[in-house]
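Overview (structure and organization)
Single-letter residue listing:
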Amino acid sequence: MRAFLHRTSHPSDRTGALPALGLALALGGCALGPDFREPPAPVQDNWIEKGDRRVSNGEVKIGWWRTFRDPTLDRLVQTAAEQNLPVQIAGLRILEARAQFGVAVGQMFPQQQEGSGAGVWDKISERAANKANLPKHAFADYSIGFDATWEIDFWGRYRRNVEAAEARMMATIADYDSALVSLTAEVARSYITLRTYETLLQIAHQNVTLQREGLQIAEARFRAGATSELDVVQQRALLENTLASIPEQETGLQRAKNALSVLLGQPPGGVDSLLRGPQRIPSASPRVAVGMPAELLRRRPDIRAAEMNAAAESARIGIAESDLYPRFFLFGDIGVQASDVAKLFAPGSLFLSAGPSFRWSILNYGRIADAIRAQDARFQETLVSYDDTVLRAAREVEDALIGFLKAQQRAGNLQRSVAAAERAVELAFIQYREGAENFQRVLDAQARLLDERNKLADTRASIATNLVALYKALGGGWEIRAGKPIVPEAMQAQMMRRTDWGNLLPAPTPPPAADLPLPTPAGALPPLLPPDFEAAPQPPGRPAD
């Protein structure tokens, strides 16, 4: 994991830094502020529906969308993972965070490093005070120099900043995984919506056919004088009402296609070629494995992101506390100076100044104390947000699980209801032809059949969408990125042509959010890190990654 987080270098490249490192270790002190610890999480021991035979505590399926056994859905999810634009943005934010982490490490070296040069021609006023002591009233002054100022990280200010930057970088990795979880679920949900509209259209057309047959029967009986025109008019009204529902369903179908196109990073209309296959609502096994509630803490990327955000805010408390104490600096200035440019590098033109200094905002105690309190409040907010994220995750699982189970029961009842409604329509027509029943019974039976068929289709869609919501709530879907770049290779090539990205590009696949450790505490870091920081030291008791 550390190979992804940090740059690499050859050990011999750092030998020049050893004297400075020894000096820093001698001058460096403790790291102020708290060391972050994994917060306790409010999770239950087991799920409410644990007693249902359709629910098991087995391992959550990887590639859960394949449980629908729908090649079209598999193809859509795969394409979306490769082309979705918000996921690409999440990948770019990882690159940004890696670069910001490098900035934080670089601040542990001399913070101000400047080379300068100047050529100045001065003329002193002949009426200036003490002008008689000057051999010349006009002269040139040329100089070339280098100066540096280095704040010794005595209180761990910059080490805490590195800790915060590392936590923020890990949070962006978790956000990337969370984007993939949301993407796979949204693709599946939009696909189910699309197939549901197609099914509703099929039902509408089936009922149009049935109602037209009913209209023909009513017209025949009216022409024969067996009934009044009222039967014909009522049947035609029912038919037109069913026909009127078709444009609305076609609108919903097209909107679902448009939503899928955007999820796949394509303009509207670009998804039609991918929708091969039977036009049916996806279905899966009635059984589902949900793991244990405690596993959410690792499986859900948004929970890991909330934890890493809390770690970053914890580290910033130490940064704020360091302002209470004096800040120690080493400064140096070296160069050459002469009035004649030809003698700029001649013996005697060298100038040099160096020494320690300190700065202490001794009169700003109240302001600094309030800044620390404000930062502590921000940290506490992230802890509460972490608890809230855990609770919402558990609720989402429970809501989706009960919805999935109860929708199955409802579907069974509706299936029998549809069969009964179809038989009722058949009997109503028979009795109407024979004159045993009036036409109102036929109308009622047809209307009920359409309603029951639509309810059954909606319930089948509800089973599928609740299963999708359940897998999303369990944190499934990020596994699709295994072995793939976080940013498309073509985009990486474009960025490298525009900017020197060093060895940050090409970007290797980061570890999944579930495997991210807590950031390295500042107290476990040396006061000085080389700019090509290879690996953060491991805190006591934590194995190397």
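Data block above holds the structure.
The present account deals with the structure reproduced in this document. Fair warning: this is a prediction, and the values are worked out from it, not measured in the lab.

The next subject is the overall build of the protein chain. The helix and strand tally for the protein chain stands at 11 helices and 6 strands. By the burial criterion, 44% of the 545 residues in the protein chain qualify as buried. Here the analysis covers contacts within the protein chain between residues at least 6 apart in sequence; of these, 85% occur between residues at least 24 apart. Put simply, the protein chain shows about 27,300 Å² of open surface, and 55% of that area lies on carbon and sulfur atoms.

Where helix H5 (residues 157-223) meets helix H9 (residues 365-433), the closest approach of the two axes is 11 Å, and the angle between their N-to-C directions is 10°. Between H5 and H9, the angle falls in the class roughly parallel. Between H5 and H9, the contacting residues are Leu210, Gly214, Ile217, Ala218 and Arg221 on the first element and Val425, Phe429, Tyr432 and Arg433 on the second. Split by residue class, the contact of H5 with H9 holds 6 nonpolar, 1 polar and 2 charged.

Over its 35 residues, helix H6 (residues 229-263) runs 52 Å from end to end, which matches the ideal 51 Å to within 8%, given 1.5 Å per residue. Downstream of H6 by a residue or two, glycine 265 has a phi angle that is positive, lying close to 70°.

What follows deals with the packing of H6 against helix H10 (residues 439-473). Where H6 contacts H10, the axes come no closer than 10 Å and their chain directions differ by 10°. When the axes of H6 and H10 are compared, the pair comes out roughly parallel. On H10, the residues touching Asp231, Gln234, Gln235, Leu238 and Thr242 of H6 are Phe439, Gln440, Leu443, Gln446, Ala447 and Leu450. Its residues assigned to classes, the contact of H6 with H10 comprises 5 nonpolar, 5 polar and 1 charged.

Another aspect to go through is the nonpolar core. Formed by 100 residues in total, the largest nonpolar core has its most connected members in Leu76, Leu260, Leu470 and Leu474. Counting residues per element, the ones that place at least two in this core are helix H3 (71-83), helix H4 (85-106), H5, H6, helix H7 (296-299), helix H8 (301-321), H9 and H10. Sequence-distant contacts of leucine 470, defined by excluding residues within four places in its chain, comprise Val288, Val290, Val397, Ala400 and Leu401. With 11 residues, the next largest nonpolar core counts Ala167, Ala311, Ala315 and Ile317 among its residues.

Looking now at the packing of aromatic side chains. Under the definition given, this model contains 8 aromatic pairs. Seen in terms of ring centroids, tryptophan 64 and tryptophan 65 are 5.6 Å apart; in terms of plane orientation they differ by 80°. Their pairing is edge-to-face. Relative to tyrosine 325, the ring of tryptophan 155 lies with its centre 4.8 Å away and its plane at 35°, an arrangement referred to as tilted. Taken as a pair, tryptophan 155 in the loop between strand E3 (138-151) and H5 and tyrosine 325 in the loop between H8 and strand E5 (327-338) lie far apart in primary sequence, 170 residues in all. Residue class for tryptophan 155 comes out buried when judged on its relative accessible area of 18%. By way of ring pairs, the aromatic residues Phe154, Trp155, Tyr325, Phe328 and Phe358 are connected into one cluster. Positioned above the aromatic ring of tyrosine 432, the side-chain terminus of arginine 221 is 4.6 Å from the ring centre.

Reading the values: rules and limits
- Residues numbered from 1 in each chain as written.
- Predicted model: local features only at pLDDT ≥ 70, side-chain atom pairs only at ≥ 80, totals over all residues.
- Heavy atoms only, no water.
- Helix = DSSP H or I, 4+ residues; strand = E, 2+ residues; numbered from the N terminus.
- Buried < 20%, exposed > 50% of the residue type's maximum accessible area, 1.4 Å probe, protein only.
- Contact = heavy atoms within 4.5 Å.
- Areas by Shrake-Rupley, 256 points an atom, 1.4 Å probe, with all protein chains shown as cover.
- Axes fitted to C-alpha atoms, helices over the stretch in contact; angles between N-to-C directions.
- Parallel < 35°, antiparallel > 145°, perpendicular 65-115°, else oblique.
- Nonpolar A, V, L, I, M, F, W, Y, C, P; charged D, E, K, R; others polar.
- Expected span 1.5 Å × (residues − 1).
- Core = buried A, V, L, I, M, F, W, Y, C linked by side-chain atoms within 4.5 Å.
- Phe/Tyr/Trp six-rings, centres within 6.5 Å; stacked < 30°, edge-to-face > 60°.
- Lys NZ or Arg CZ within 6 Å of the ring centre and 35° of its normal.

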